Each structure stands twice: as structure tokens, then as C-alpha cells.
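What follows is the residue order along each chain.
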Amino acid sequence: MDHFLKPNDNPVSFFEHLKKRGLMQDHTPGLEEYLKSCHASGKVPRAYIGFDPSAESLQVGNLMQAMMLRRAQLHGVQPVVLLGGATGLIGDPSGKKEERNLLDKNLAHGNLEKQKAQLAKLIDFAPGKFSGIFVNNYDWFKDFRFLDFLRDVGKHLTVNYMIAKDSVKIRMETGISYAEFGYMLVQGYDFLHLFEHQDCAIQMGGSDQWGNVTTGLELIRRKHGKEAHALSTPLLTDSAGNKLGKTEKGAIYLDPAITSPFKFYQFWLGQPDADAPKLLRFLTLLQDEYIEDLEKKMLTDPASRSAQKVLAHELTRLVHGEAAALASENASRVLFSKDPKVLDSLSAQGLELMAQEVPSTKLNADCGILDLLVLTKLCASKGEAKRHLKSGAVTMNREKVADENLQVTPASFGQHKVILLGVGKANLHLVLKA
């Protein structure tokens, strides 16, 4: 059964969908009426979100905004993806306690191209009525002369207006450079430019961007005497209020070379019950009714972790593809299942994913279990290995091993592709047949 949102061409449904999902933090008063007027006249409204190339890959936090554009697309709004080739060279001061280091132009361009490829997987750019549009603000800023910018943009906003913004206010004591102070003008001009040249009258972003977004509204109002529209989403946080995607080992990225699909899958699988339903609503394109069913099942059978399993599979599928999602699912089942038979279900891609996450060793010759435990560094010495064997902590393919004279040979693999050697539940090592 198809549990995904069905596309429609009524932009008013986008407003209603965001409200129902809890994805609307703030919005301009006339937004719903604007969408209704577009629907009545047959006009396709356009909405944009900007992405600055501050890193070589998008992170989990960016996923929510990318999916906002895809949601818009499914509800009769054409998405415009603004790549910050210019704004990325300055850096947004919002939420930052100190000055950013300026990016090298070549590095920023390289980051932008990588992010563009990631966004192309999440938003539909195939030709059509609601096809996604890529724009790069470097294209209109590269030849913008400084004096012209001050006259055409700076003239319309007062310093009083700018220092009242939270992004500037919190930095007034510690100091803010003129470059970062002017960031809101640059982002505000993006909205003005898209309003004038792309007929784009809606900007979207996280709630921490509201100050920058409203600057664009003010520029449009002062220069053209017209109303544009905006909406912000809640920040993607866990139930404790912490930004999601920031872990002790670093951020969770969409680039598989930085955060492997298996680790990406595990991140979502490990979400607590308190957060899983909200994340399904915020990040996936699953229907409301299906999410509600998962929520009910989670309450009646929390051990099944049904909501987390769907969340992990769906987001890994969106970012890395169905094959990677299935392989990650398989690898996870093998690593954490107590049933040795699940090893038989491990695909070649699943094995590759496991080998990235779990230390592995190729077995080139027969090896005694004591030597193997030391070789794989699961034990520091044969003496320690003997103690673990006696206590029943050593397992091969989830089955306990007690015989310290056991020889591990090619025959020990049986029908399995690997031997999953373990000391306790958490210390695992893959032994591969040479």
C-alpha cells in the first residue's frame, strides 16, 4: 500500500498541510490569502529557500528545509533553490557568538556543487509545471558595484532597523564585523531580486532566519510598495531542545563519504520514542494517517520500535537510495540480532556497509580462538581472552564459545559470508574469509 502524500495543484493545501504537521512557526498575515488568489487565477506561486555552502555537505539540519521545498512542490507551489555562492563568502551571523572564518572562493564553489548534487536528489527538477529551479546569488552579486549596492539597497533600511535584529543584537557586546552586519542586506536583496526577476513572492526558512527573511519583505515593500510573503519552520531539535544532528562524534552529514549510510540509518533508528513521531511529520513525505498508525503502534508495542524503523528506512532511502536503505537495514539486523541465521540474509552491499562500521580482519590461515581474539584486538592478551571465554562473554555469530582450544578455519564460516566475533554485546569484529 502506498503511504505517501499524493501530489495536487492547489497551493492552499500547502498552507493547510504545514499547519497540520506543526511545520509553521511564523508566517506573514496575508500568506493564505495570497495562495488562495493564486489558485483562483491559475497562477503557480513560487517559494524559495537559501542554502549557504559553509560546509562540503549538507547536514541533517538542512534536510528539513530541503523537504519543505519538496512539500511545496507536491502541493502546487514551485520550489526555487537558492545556492549561496555570494552569501556563503560572508557567512550568516545568526546564532553565532563570534565571527566566522571567511571561506576561500574555490572552496565555497566546490562546496556549492556538492550541495547542489545532494539537493537534486531530494527535489524534483524534471521538466514540468512545478519543476524545481536552481539559482545562484553569485550570478547577480558578482558585478554589483559597491556604491550601487549602497544606493539601491542600503538606502532603504536604517541602521536602527538592522541593529534591532537578534542576529546583530546578540553580537553587539562581543563585536560584529561590517561584513556580517551587512549579511542581512545581502540576503534581503536576494528576496528582492527573486521577486523582481523570478516572480517569487514567498521565502521560507528556519525560525532562526526570520530576521533575515523579514528584511527582504521590508526591501520589497519600500522599493515597490508591494507585499511579499514568508513563513518559518520550527528548528529541528530533540525533546530536550538540542539541535538535532549534533552528536558527540560530530555532525550527521548527507554525504556518504563523511557519514556512512549505515551510520545515517543508525542515527535515526536510535531516536527516542518522544521524538520519532515529530521527526516523521517534519522530515518524511508519509501520509498523516500512516504516521498516526505508527504512533499508536509505538505506544502499544514500544519494543518493536516501528516508528524509528520506518523513519530510518525512509530518510536513508531519500538521501542514499533504496538499495542503501535496505542494506543498512540488513546490516543493522545482523549486528544486533541474537539469531545467527540472519547472517544468511546479508547482501554484498550490506557486508560492505558493516565493514565500514565494524572493524574487520581477513583470516588467511587457521587460527586458534585465543590468537584470533588478540589479533582482532578484542582482547589485549591470551590471558584476558581465556577469562572472557570462561565467563561466557565470547560469541561467534551470536553463539557462545567456551572452548579455548577451538580452531577457526575456513570450515568455521559454514554458509555464512563472515564470522561476527564478539566479546560482550558492544565489542564486535568482522572476520572475513580470505
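Residues numbered from 1 in each chain as written. Predicted model: local features only at pLDDT ≥ 70, side-chain atom pairs only at ≥ 80, totals over all residues. Heavy atoms only, no water.

Q: An account of the overall build of the protein is requested, with residue identities and associated values reported.
A: Helix and strand counts for the protein stand at 19 helices and 15 strands. Its C-alpha atoms give the protein principal-axis dimensions of roughly 85 × 50 × 40 Å. Taking all 434 residues of the protein together, 51% fall into the buried category. Look at the contacts in the protein between residues 6 or more apart in sequence, and 73% of them connect residues 24 or more apart. Where the 53 positive side-chain charges of the protein centre and where its 51 negative ones centre are 2 Å apart. (Helix = DSSP H or I, 4+ residues; strand = E, 2+ residues; numbered from the N terminus. Buried < 20%, exposed > 50% of the residue type's maximum accessible area, 1.4 Å probe, protein only. Contact = heavy atoms within 4.5 Å. Lys, Arg positive; Asp, Glu negative; His and termini not counted. Charge placed at Lys NZ, Arg CZ, Asp CG, Glu CD.)

Q: Tell me about a nonpolar patch on the surface, and please be specific about residues and values.
A: On the surface, F146, L147, L150 and Y178 cluster together into a nonpolar patch covering about 460 Å² of accessible area. The exposure class assigned to L147 is exposed, which follows from its relative accessible area of 62%. (Patch = residues over 30% accessible without salt bridge, like charges linked within 9 Å, V, L, I, M, F, W, Y side chains within 5 Å. Areas by Shrake-Rupley, 256 points an atom, 1.4 Å probe, with all protein chains shown as cover. Salt bridge = Lys/Arg side-chain N within 4 Å of Asp/Glu carboxyl O.)

Q: Could you give me a rundown of the side chain of T87, with the residues and numbers involved?
A: Within the secondary structure, T87 sits in the loop between β3 (78-83) and α4 (105-122). In this structure the side chain of T87 is engaged in a polar contact, spanning 3.0 Å, whose partner is the side chain of N137. The residues contacting T87, other than those within four sequence positions of it, are D52, N137, Y183, V186, Q187 and D190. (Polar contact = N/O pair within 3.5 Å; in protein donor to acceptor, adjacent residues only side chain to side chain.)

Q: So what's going on with the nonpolar core? Residues and values would help.
A: Grouped burial of nonpolar side chains is what soluble globular proteins tend to show. L63, L122, M204, W268 and L283 are the most contacted members of the largest nonpolar core, which totals 91 residues. Among the elements that line this core, the one with the most residues is helix α3 (residues 60-74), at 9 residues. Leaving out residues up to four positions away in the same chain, L122 has contacts with L63, A66, M67, R70, L254, L318 and V319. Counting residues in each nonpolar core, the second largest holds 19 residues, with L363, C367, L373 and V401 among its members. (Core = buried A, V, L, I, M, F, W, Y, C linked by side-chain atoms within 4.5 Å.)

Q: Give me the pairing of strand β9 (residues 360-363): which residues, what numbers.
A: The alternating pattern of β9 places T361 and L363 on a buried face, while none of S360 and K362, on the opposite face, is buried. Two strands pair when backbone bridges link them, and β9 and strand β15 (residues 427-433) are joined in this way by 4 bridges, in the parallel orientation. In the strand pairing of β15, L363 is matched with K433. (Pairing = 2+ DSSP bridges.)

Q: So what's going on with the sheet that holds strand β14 (residues 418-423)? Residues and values would help.
A: Pairing is mixed across the open sheet formed by 5 strands, whose spatial order is β9-β15-β14-β11-β12. The sheet is open, and its two borders are formed by β9 and β12 (399-400), each paired with just one other strand.

Q: Report on the state of the cysteines, specifying residues and quantitative values.
A: Two cysteines form a disulfide when their sulfur atoms are joined by a covalent bond. Within this structure, the stated rule accounts for 0 disulfides. Here C367 is not disulfide-linked; the sulfur of C379 is the nearest cysteine sulfur, at 12 Å. Its relative accessible area of 11% is what places C367 among the buried residues. (Disulfide = S-S within 2.5 Å.)

Q: Quick rundown of the packing of aromatic side chains? Include the residues and the values.
A: One pair of aromatic rings is described through two measures. These are the centre distance and the angle between the planes. What the rule picks out here adds up to 9 aromatic pairs. Residues Y48 and F191 carry aromatic rings whose centres are separated by 5.5 Å and whose planes lie at 65 degrees to one another, so their mutual orientation is edge-to-face. Here Y48, found in strand β2 (residues 46-51), pairs with F191, found in helix α10 (residues 183-197); they are 143 residues apart in sequence, far enough to count as distant. What makes Y48 buried here is its relative accessible area of 2%. Given a relative accessible area of 0%, F191 falls into the buried group. (Phe/Tyr/Trp six-rings, centres within 6.5 Å; stacked < 30°, edge-to-face > 60°.)

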